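# Report on the structure
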Amino acid sequence: FSAVYSLTNFAIYMVGLVLKWIRETGGLGAMAERNAEKAALLYDFLDQSTLFRTPVHADSRSHMNVVFRSASDELDSKFLAEAGKRGMEGLKGHRSAGGIRASIYNACPRESVVALVDFMKEFEPTPDYFGSLVPSLRKVTTESAPAPV
């Protein structure tokens, strides 16, 4: 009996577990709704934030990987370090793009997104911290965002 024709039992077993989990949690439709809700929680905060911004236009936003930046690379690094202290790992953006990336895939619970947004609110200084710089900073960064591909 050739190994070429042997089934990968572990992979088949894992697919079975995932399909069972999808069915038990309401099916694909319910999963899509949960993912849209999680993404909306994060994007809604980003859209009104005085510190964080996303370079992705609203019609091109992912429900799985939400990318964003703060006002500087230095603040990004500080944010990532503080998030790590709270057990929020894996938020560093892609090595070629930088920034911050929250991967909120199917298995990521809503509570994790709420915890991230709560931490972002806590991390974000009050508007008077930046003084008059905030409106001009937001204007420059959103107007200079690349067009969707």
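Presented here is an overview of the structure given in this document. Worth saying up front: this structure is predicted, and the values here are computed from it rather than measured. (Residues numbered from 1 in each chain as written. Predicted model: local features only at pLDDT ≥ 70, side-chain atom pairs only at ≥ 80, totals over all residues. Heavy atoms only, no water.)

What follows concerns the overall build of the chain. For the chain, the helix and strand inventory stands at six helices and two strands. Tracing the chain from N to C terminus, the helices and strands come up as α-α-β-α-β-α-α-α. Counting only residues that meet the buried cut, the chain has 28% of its 149 residues in that class. When contacts within the chain are restricted to residue pairs at least 6 apart in sequence, long-range pairs at least 24 apart make up 65% of them. (Helix = DSSP H or I, 4+ residues; strand = E, 2+ residues; numbered from the N terminus. Buried < 20%, exposed > 50% of the residue type's maximum accessible area, 1.4 Å probe, protein only. Contact = heavy atoms within 4.5 Å.)

Let us look at the nonpolar core. In this structure, L42, F52, F68, F79, L91 and M120 are the most contacted members of the largest nonpolar core, which totals 24 residues. With six residues, the single largest contributor to this core is helix 4 (residues 110-123). Discounting chain neighbours no more than four positions away, the residues touching L42 are V66, A102, V113, L116, V117 and M120. (Core = buried A, V, L, I, M, F, W, Y, C linked by side-chain atoms within 4.5 Å.)

With that settled, consider helix 4. With 14 residues, helix 4 should reach 20 Å at 1.5 Å per residue; the first-to-last C-alpha distance of 20 Å fits that figure. Of the positions making up helix 4, those classed as buried are V113, L116, V117, F119, M120 and F123. An end-on view of helix 4 places all buried positions within 160° of arc, on one side of the element. Of the residues in helix 4, the exposed ones pointing more than 90 degrees away from the buried face are E111 and E122. (Expected span 1.5 Å × (residues − 1). Arc of directions from axis to C-beta.)

What follows deals with the pattern of salt bridges. Inspection of every chain in the model, using the stated rule, returns seven salt bridges. In this structure, E24 and K20 form a salt bridge, with 4.0 Å as the shortest nitrogen-oxygen distance. In this pair, E24 and K20 both sit in helix 1 (residues 9-24), four residues apart, roughly one turn of the helix. In this structure, R110 engages E37 in a salt bridge whose closest nitrogen and oxygen atoms are separated by 2.6 Å. Linking R110 in helix 4 with E37 in helix 2 (residues 27-48), this pair joins segments that are 73 residues apart in sequence. Given the relative accessible area of 39%, E37 is considered partly exposed. One network of salt bridges, with partners in common, ties together R69, D73 and D76. (Salt bridge = Lys/Arg side-chain N within 4 Å of Asp/Glu carboxyl O.)

Running from N to C, helix 2 and helix 4 cross one another at 5°; their axes reach a closest spacing of 9 Å. As judged from the angle between their axes, helix 2 and helix 4 are roughly parallel. Along its contact with helix 2, which presents E37, K38, L41, L42, F45 and L46, the element helix 4 presents R110, V113, V114, L116, V117, M120 and K121. Looking at the contact of helix 2 with helix 4 residue by residue, the classes come out as nine nonpolar, no polar and four charged. (Axes fitted to C-alpha atoms, helices over the stretch in contact; angles between N-to-C directions. Parallel < 35°, antiparallel > 145°, perpendicular 65-115°, else oblique. Nonpolar A, V, L, I, M, F, W, Y, C, P; charged D, E, K, R; others polar.)

With that settled, consider the side chain of E124. Tracing the sequence through the fold places E124 in the loop between helix 4 and helix 5 (127-130). On the basis of relative accessibility, which here comes to 15%, the residue E124 falls in the buried class. Beyond its immediate chain neighbours, meaning those up to four positions away, E124 contacts F45, S49, T50, L51 and F52.

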